[in-house]
Amino acid sequence: MMEVAEKVVFDKVNINLYSKKNPVEVPVLENKIITSGKSPNFIRHITFDVSGTLLENNIVCGQSIGVLPPGFDHKGKPHKLRLYSVSSPSKGEDGNGKLYSTTVKRLIDENWNSGDLFTGVCSNYLASLKPGDTVRLTGPSGKRFLLPKNATDFNYVFFATGTGIAPFRGMVKELFDKGMTNDVVLIFGCPYRTDFLYEDYFNSIANKYSNFNYLVCVSREEKRRDGSPNYVQCKLIDESPLLNPILEKENTLVYICGLKGMEYDIYRNLAVQGFDSYLNFKKQMDANPANWSWKDIKSNVKPAERVFVETY
Ligand code: FAD
Ligand code: NAP
C-alpha cells in the first residue's frame, strides 16, 4: 500500500461522440424494475445495446449518457435532452463494451401549484420502453466523476442517495474485477427498505471481500438515537471507527452522487471528524464545524482535489 499521497490523474475519455444534432438510435435490450414489493418508488435498470455504434467500448464508468425523448414541450419545442448515469463498468454489462445500463427513477408527483398529477417526461418515457424499442442517445458525457488511472491504488468512500447509486455500481464492479485490495466503503441512502438498489450484488461483494463495506441508511424507517433521520452523512459520525482509519489514509478518495442536500452535511461531518484536508475554504470558518450553517458551507467550503461530486 502507498505511504504517500498519489496524485489523482484520469485517463483521457471520449465525450460527445454523439450530440443533440447527431444522436445515435439504439435498441433497448432489457428494462426491469429493481425496487421491490410495495415500494412507492419505481426505479428501473435499463440496458441499451450500443454494438456497432461509436459508443461501443467508449463509455467509462462514472460517465453519463444523454437521452432525447420524443415529442414536444408546452412551447412546441422538441423535448430537451436529459442525462442519466451509466451503471455499468467500463467494459459494459457483457464484458465486451456492447451493453450499457442506467438506473432510472420515474418522476411522479403532484404539481405544486395545481395539485394535478405531474409525470416527468424523460424518466417515464425511458421507464416504459420495451425490449426492442429504440431510443436516441448522445454522449458520453463527464470528464471528472471517474475512477482515476491506477484506480486500485486508492481507497474509496462512496456516498449515494437514491439513483445516485448508478455510477457506484459500475465503479465497484470495475474495481473488484481488477483485483481491488484497498478499502471501498459504499454508503447508500433510500427512503424505505423496499428501495435498496442492486442490494444482492453489493451484499455478494461484501460477503466475498472483507475490504468492501456496504452501509445503508433507510431514512423513513430508521431514526438515529437523537431522533434525526438516518441519512448517509450521519455515517461519518455513527461509523467513525470504520471510516476514520480509511479517511486518514492519504490515498483515500471521496465520491458523492445524488441529492444536493447531502453534500454540505458531508463536508460538515468530515470537518467534525478532523478531515479538513478533504476541503478547501474560501474564508476562515467557525472553529467548531457543528456551528456551520448551510449558507456558510455553500459559500465558503468547496471539495478539495480528493473529493468528486455529482449532485442535483
Ligand atoms: P422533467 O419532465 O424534466 O421534470 C423535472 C422538472 O420538473 C424539474 O425542473 C422539476 O423542478 C420539475 N418538477 C418536478 N416535480 C414537480 C412537480 N410536482 N410540480 C411541478 N414541477 C415539478 N436520474 C435518474 O433517474 N437516474 C440517473 O442515473 C440520473 N443521472 C443523472 C446524471 C446527471 C449528470 C444529471 C444532471 C442528472 C441525472 N438524473 C438521473 C436526473 C435526470 O437527468 C432527469 O432530471 C430526471 O430523470 C427527471 O427528468 P424527467 O424528464 O422525467 O422530468
Ligand atoms: P430519493 O429517493 O428522493 O432520496 C434518496 C434518499 O436520500 C432518501 O432516503 C432521502 O430521504 C434522502 N435524503 C433526502 N434529503 C437528504 C439530505 N439532505 N441529505 C441526505 N439524504 C437525504 O432520491 P432520488 O429521487 O433517487 O434522487 C436522486 C437524485 O440524484 C436526483 O436528483 C437525480 O437527478 C440525482 N442523480 C444524479 C446523478 C449524477 O449526477 N450522476 C446520478 C443519478 C441520480 P427522505 O426523502 O426520507 O428525506
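Small disclaimer: the values here were computed from a predicted structure and weren't measured.

Enquirer: Describe the overall build of the chain, with residues and values.
Expert: Tallying secondary structure elements over the chain gives seven helices and 15 strands in all. On C-alpha atoms alone, the chain measures out to a radius of gyration of 20 Å, which is about the 20 Å that the 2.2 N^0.38 rule sets for 312 residues. Burial statistics for the chain: of 312 residues in total, 50% are counted as buried. The contacts in the chain between residues at least 6 apart in sequence include a share of 69% that link residues at least 24 apart. In the form shown here, the chain has an accessible surface area of approximately 15,300 Å², with 49% of it arising from carbon and sulfur atoms. Separation between the mean location of the 39 positive side-chain charges and that of the 35 negative ones in the chain comes to 6 Å.

Enquirer: I'd love a proper account of the site of ligand 1, names of residues and values included.
Expert: The environment of ligand 1 is made up of 22 residues, and the closest members are Leu83, Tyr84, Thr103, Glu110 and Ser123. Leu83 has a polar backbone atom sitting 2.6 Å from an oxygen atom of ligand 1. Measuring from an oxygen atom of ligand 1, one finds a side-chain N or O atom of Ser123 at 2.5 Å. Relative to its unbound accessible area of 990 Å², ligand 1 is 72% covered by the protein chains. Counting residues per element, the ones that place at least two in the shell around ligand 1 are β4 (82-85), β5 (99-105), β6 (108-110) and α1 (121-127). Within the shell around ligand 1, the residues separate by chemical class into nine nonpolar, eight polar and five charged.

Enquirer: Any details on the sheet that holds strand β11 (residues 212-218)? Residues and values, ideally.
Expert: Neighbouring strands of a sheet are bound in pairs by backbone hydrogen bonds; such pairs are parallel or else antiparallel. Reading across from one edge, β11-β10-β9-β12-β15 is the order of the five strands in this open sheet, with parallel pairing throughout. The open sheet has two free edges, formed respectively by β11 and β15 (307-311), since each of these has just one partner strand. Within the sheet, the average angular offset between the axes of one strand and its neighbour, ignoring direction, is 10°. The strands touched by helix α2 (residues 166-177) within the sheet are β9 (155-161), β10 (184-190), β11 and β12 (252-258), with β9 carrying the most contacts at an inclination of about 155°.

Enquirer: Report on the packing of α2 against helix α3 (residues 199-208), specifying residues and quantitative values.
Expert: Where α2 meets α3, the axes come as close as 11 Å, and the angle between the chain directions of the two elements is 30°. Looking at the two axes, α2 sits roughly parallel to α3. The interaxial crossing formed by α2 with α3 has left-handed handedness. Here Phe168, Arg169, Val172, Lys173 and Phe176 of α2 lie close against α3, whose contacting residues are Tyr201, Phe202 and Ile205. Taken together, the residues of the contact of α2 with α3 break down into six nonpolar, no polar and two charged.

Enquirer: Report on the site of ligand 2, specifying residues and quantitative values.
Expert: By nearness alone, 20 residues border ligand 2, and Ser85, Ser219, Arg220, Tyr231 and Glu310 come closest of all. Backbone polar atom of Pro191 to an oxygen atom of ligand 2: 3.2 Å apart, as the coordinates give it. Gln233 places a polar side-chain atom, nitrogen or oxygen, 3.0 Å from a nitrogen atom of ligand 2. Protein coverage of the free-state accessible area of ligand 2, which is 930 Å², stands at 78%. If you list the elements that add at least two residues to the shell around ligand 2, you get β10, β12 and α6 (261-272). Of the residues that constitute the shell around ligand 2, the class distribution is seven nonpolar, ten polar and three charged.

Enquirer: Run through the pattern of salt bridges, naming residues and quoting values.
Expert: Evaluation of the coordinates by the stated rule reveals twelve salt bridges. With a closest N to O distance of 3.3 Å, Asp183 and Lys249 form a salt bridge. Remark: Lys249 occurs in the loop between α5 (240-247) and β12 and Asp183 occurs in the loop between α2 and β10; sequence separation between them is 66 residues. Owing to a relative accessible area of 19%, Asp183 belongs among the buried residues under this scheme. Within the structure, one salt-bridge network assembled from shared partners comprises Arg224, Asp226 and Asp238.

Enquirer: Describe the packing of aromatic side chains, and please don't skip the residues or the numbers.
Expert: Inspection of the entire model under this criterion finds 16 aromatic pairs. Between Phe10 and Phe308, the aromatic rings sit 5.7 Å apart at their centres with planes inclined by 85°, giving edge-to-face as the arrangement. A residue pair is termed long-range when its members are at least 10 positions apart, and Phe10 in the segment before β1 (24-33) and Phe308 in strand β15 qualify at 298 residues. With respect to burial, Phe10 and Phe308 carry one shared label: buried. For the pair Phe202 and Tyr214, a centre-to-centre distance of 5.4 Å together with 35° between the ring planes defines the contact as tilted. Highlighted residues: Phe202 in helix α3 and Tyr214 in strand β11, separated in sequence by twelve residues. Here Phe202 and Tyr214 have matching classes, each one buried. Over the face of the ring belonging to Tyr198 we find Arg169, whose NZ or CZ atom lies 4.8 Å from the ring centre.

Enquirer: Run through the sheet that holds strand β8 (residues 134-141), naming residues and quoting values.
Expert: Strands sit in the order β4-β3-β8-β1-β2-β5 across an open sheet of six strands; the sheet is antiparallel. In the strand order of this sheet, the two ends are held by β4 and β5, each with one partner. Ignoring strand direction, the axes of neighbouring strands in this sheet form an average angle of 45°. Looking at chain direction, strand β2 (residues 43-49) and β5 are connected through seven bridges and run antiparallel. Bridging from a neighbouring strand, Phe48 pairs with Tyr100 of β5.

Calculation notes
- Here the residue numbers are simple positions, counted from 1 along each chain's written sequence.
- Chain letters and ligand numbers both follow the written order, the letters beginning at A and the numbers at 1.
- For a predicted model such as this one, the threshold for reporting local features is a pLDDT of at least 70, and the threshold for listing and counting side-chain atom pairs is 80 or more; totals across whole chains, interfaces and linings nevertheless cover every residue.
- The basis for every side-chain value is the complete set of heavy atoms in the structure, and neither hydrogens nor water enter the calculation.
- For helices the rule is a DSSP run of H or I covering at least 4 residues; for strands it is a run of E covering at least 2, with both sets numbered from the N terminus onward.
- In this treatment the radius of gyration is a C-alpha quantity, and the globule benchmark scales as 2.2 Å times the residue count to the 0.38 power.
- Burial classes: relative accessible area under 20% of the type maximum marks a residue as buried, over 50% as exposed, and values in between as partly exposed (1.4 Å probe, protein chains only).
- Two residues form a contact once any of their heavy atoms are found within 4.5 Å.
- Under the convention used here, a 1.4 Å probe and the Shrake-Rupley method define accessible areas, while residue burial counts only the protein chains that appear.
- Under this rule, positive means Lys or Arg and negative means Asp or Glu; His and the chain ends count for nothing.
- To locate a charge, the coordinates of NZ of Lys, CZ of Arg, CG of Asp or CD of Glu are taken.
- Any residue with a non-hydrogen atom lying within 4 Å of a molecule or strand is treated as near it.
- Here a polar contact means two N or O atoms within 3.5 Å. Within protein one must be a hydrogen donor candidate and the other an acceptor candidate, and residues neighboring in sequence count only if both atoms are side-chain atoms.
- As a working rule, the residues Ala, Val, Leu, Ile, Met, Phe, Trp, Tyr, Cys and Pro are called nonpolar, Asp, Glu, Lys and Arg charged, and the rest polar, with Gly in that last group.
- Should DSSP find at least two bridges between two strands, the strands are taken to pair.
- Every axis corresponds to a line fitted to the C-alpha atoms, with the helix fit spanning only the stretch in contact, and the corresponding angles, defined between N-to-C directions, vary from 0 to 180 degrees.
- The scheme is simple: roughly parallel for angles under 35 degrees, roughly antiparallel for over 145, roughly perpendicular for 65 to 115, oblique for anything else.
- Two helices cross in a left-handed way if the nearer one is turned anticlockwise from the farther one by less than a right angle. They cross in a right-handed way if the turn is clockwise.
- Every case where a carboxyl oxygen of Asp or Glu lies within 4 Å of a side-chain nitrogen of Lys or Arg is listed as a salt bridge.
- Between the rings of Phe, Tyr and Trp (Trp by its six-membered ring), a pair exists once the centres lie within 6.5 Å; its type follows the angle of the planes, with under 30 degrees stacked, over 60 edge-to-face, and the other angles tilted.
- Any Lys NZ or Arg CZ found within 6 Å of a ring centre and within 35 degrees of that ring's normal is scored as a charge over the ring.

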